Amino acid sequence: MEPVRTCIGCRSRAPRSSLLRVVVRESQLITDVSAVLPGRGAWLHPTLECFRLAERRRAFGRALRTRGELDTSEVENRLIG
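Since the structure is predicted, the reported quantities are computational estimates derived from the model, not experimental observations.

(A) Region of the structure containing the environment of E2. Position of E2 among the secondary structure elements: in the segment before β1 (4-6). Judged by its relative accessible area of 40%, E2 is partly exposed. Between the C-alpha atom of E2 and that of R16, which follows or precedes it by 14 residues, the distance is 7.2 Å. Look past the residues within four positions of E2 in its chain and what remains in contact with it is P15, R16 and S17. At a separation of 2.6 Å, a polar atom in the side chain of E2 contacts the side chain of S17.

(B) Seen up close, the packing of helix α1 (residues 48-56) against helix α3 (residues 73-80). Relative orientation of the contacting elements α1 and α3 amounts to 160°, with a least axis distance of 10 Å. Classified by the interaxial angle, the pair formed by α1 and α3 is roughly antiparallel. Crossing of α1 against α3: the hand is left-handed. Contacts from L48, F51 and R52 of α1 reach α3 at V75, E76, L79 and I80.

Each value, and the rule that gives it
- Residues numbered from 1 in each chain as written.
- Predicted model: local features only at pLDDT ≥ 70, side-chain atom pairs only at ≥ 80, totals over all residues.
- Heavy atoms only, no water.
- Helix = DSSP H or I, 4+ residues; strand = E, 2+ residues; numbered from the N terminus.
- Buried < 20%, exposed > 50% of the residue type's maximum accessible area, 1.4 Å probe, protein only.
- Contact = heavy atoms within 4.5 Å.
- Polar contact = N/O pair within 3.5 Å; in protein donor to acceptor, adjacent residues only side chain to side chain.
- Axes fitted to C-alpha atoms, helices over the stretch in contact; angles between N-to-C directions.
- Parallel < 35°, antiparallel > 145°, perpendicular 65-115°, else oblique.
- Left-handed = near helix turned anticlockwise from the far one by under 90°.

Here it is as structure tokens:
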């Protein structure tokens, strides 16, 4: 049975393989494609809609337990293509 995670954007549960893991490195949000980077991670559907929801709800800071502004440009550029 495949592990299930919750998307921080839309809050729906989905199999881990269909979500994108993100982590914080020096106040920058980066994608963890292989899901092996150290540190606390958050899971997100790989869509701009869920990304925008997470940004609007300020879910990245809460889920990753960070303070201050996060640079989300790397993740946004990856989702745009």
